[in-house]
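Chain by chain, the residues run as shown.
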Amino acid sequence: MTAQALLGQSYPSHAALWLGLDERRQVLNHHLSNRALAYQTLLEAFPETIHSGRSYRPEGEEKLLSLEKVSTYLAQGRWFHSVRTHSYFGGGRYQYYLGSNCETECDHSL
């Protein structure tokens, strides 16, 4: 969303920025199919995510985070990564490029 709604864009006000972000989110969630989701939109693949049932309040997010629950969830799967060069790594069937400055600026511990 950053690359699509923010980079190279300018907005005359905060309200215009939020409107632009809302429009981009609408496209990403409702209209843009995703290869990782078998060419479905996000909401076709996960219709229950339309709304969590609670309002977002940044000040309360830390209280809701349970690292124990995250650890329990991650322990259910096999997690791995492979490193091709200093700037590439793979996770599952996807390859990620970390950038040309990665050799000196990136932390390679995953």
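Residues numbered from 1 in each chain as written. Predicted model: local features only at pLDDT ≥ 70, side-chain atom pairs only at ≥ 80, totals over all residues. Heavy atoms only, no water.

In this structure, the largest pocket occupies an estimated 160 Å³ of space. For the largest pocket, the full set of lining residues is Asp22, Arg25, Gln26, Asn29, His30, Leu42, Leu43, Thr49 and Ile50. Listed by contribution, the elements that provide at least two residues to the lining of the largest pocket are helix H2 (14-31) and helix H3 (42-45). In terms of residue count, H2 provides more of the lining of the largest pocket than any other element does, five residues in total. Here the residues of the lining of the largest pocket are counted per class, giving three nonpolar, four polar and two charged. (1 Å grid on protein atoms, 1.4 Å probe; cavity = no way out; pocket = protein on both sides within 12 Å on 5 of 7 lines; lining within 4 Å. Points joined across faces, edges and corners; volume = space filled by probe spheres on them. Helix = DSSP H or I, 4+ residues; strand = E, 2+ residues; numbered from the N terminus. Nonpolar A, V, L, I, M, F, W, Y, C, P; charged D, E, K, R; others polar.)

Once that is clear, we can look at the pattern of salt bridges. Across all of its chains, the model carries three salt bridges by this definition. Across the salt bridge formed by Asp22 and Arg25, the nearest N and O atoms sit 2.3 Å from each other. One end of the pair, Asp22, and the other, Arg25, are both in helix H2, three residues apart, so they sit about a helical turn from each other. A relative accessible area of 39% means that Asp22 is categorised as partly exposed. With its nearest N and O atoms 3.0 Å apart, the salt bridge here joins Glu59 to Arg57. (Salt bridge = Lys/Arg side-chain N within 4 Å of Asp/Glu carboxyl O. Buried < 20%, exposed > 50% of the residue type's maximum accessible area, 1.4 Å probe, protein only.)

With that settled, consider the environment of Arg54. By the element assignment, Arg54 lies in the loop between H3 and helix H4 (58-64). On the accessibility criterion, Arg54 (41% relative accessible area) is partly exposed. Dropping the residues within four chain positions of it, Arg54 is found in contact with Glu61 and Leu64. At 3.1 Å, the side chain of Arg54 and the side chain of Glu61 are in polar contact. (Contact = heavy atoms within 4.5 Å. Polar contact = N/O pair within 3.5 Å; in protein donor to acceptor, adjacent residues only side chain to side chain.)

To continue, consider the confidence of the model for the protein chain. Across the protein chain, the average pLDDT comes to 80, with 75% of residues at or above 70. Within the protein chain, the lowest mean pLDDT, 47, falls on helix H6 (residues 102-105), and the highest, 94, falls on H3. (pLDDT = per-residue confidence, 0-100.)

Our focus in this paragraph is H2. For an α-helix, 3.6 residues make a turn, and residues three or four places apart therefore share a direction. Counted at 1.5 Å a residue, the expected span for H2 with its 18 residues is 26 Å, and the 25 Å between its end C-alpha atoms agrees. Inspection of H2 places Gly20, Leu21 and Asn29 among the buried residues, and these make up the whole buried set. Taken around the axis of H2, the buried residues stretch over an arc of 155 degrees, which confines them to a single face. Residues of H2 that are exposed and point more than 90 degrees away from the buried face comprise Ala15 and His31. The elements touched by buried residues of H2 are helix H1 (2-6) and H3. (Expected span 1.5 Å × (residues − 1). Arc of directions from axis to C-beta.)

The next subject is unusual backbone geometry. One non-glycine residue, Ala38, lies in the positive phi region at around 55 degrees. Here the phi dihedral of Tyr39 falls at roughly 60 degrees; this positive angle occurs in a residue that is not glycine. When you line up the elements, Tyr39 lands in the loop between H2 and H3. Since its relative accessible area comes to 56%, Tyr39 is described here as exposed.

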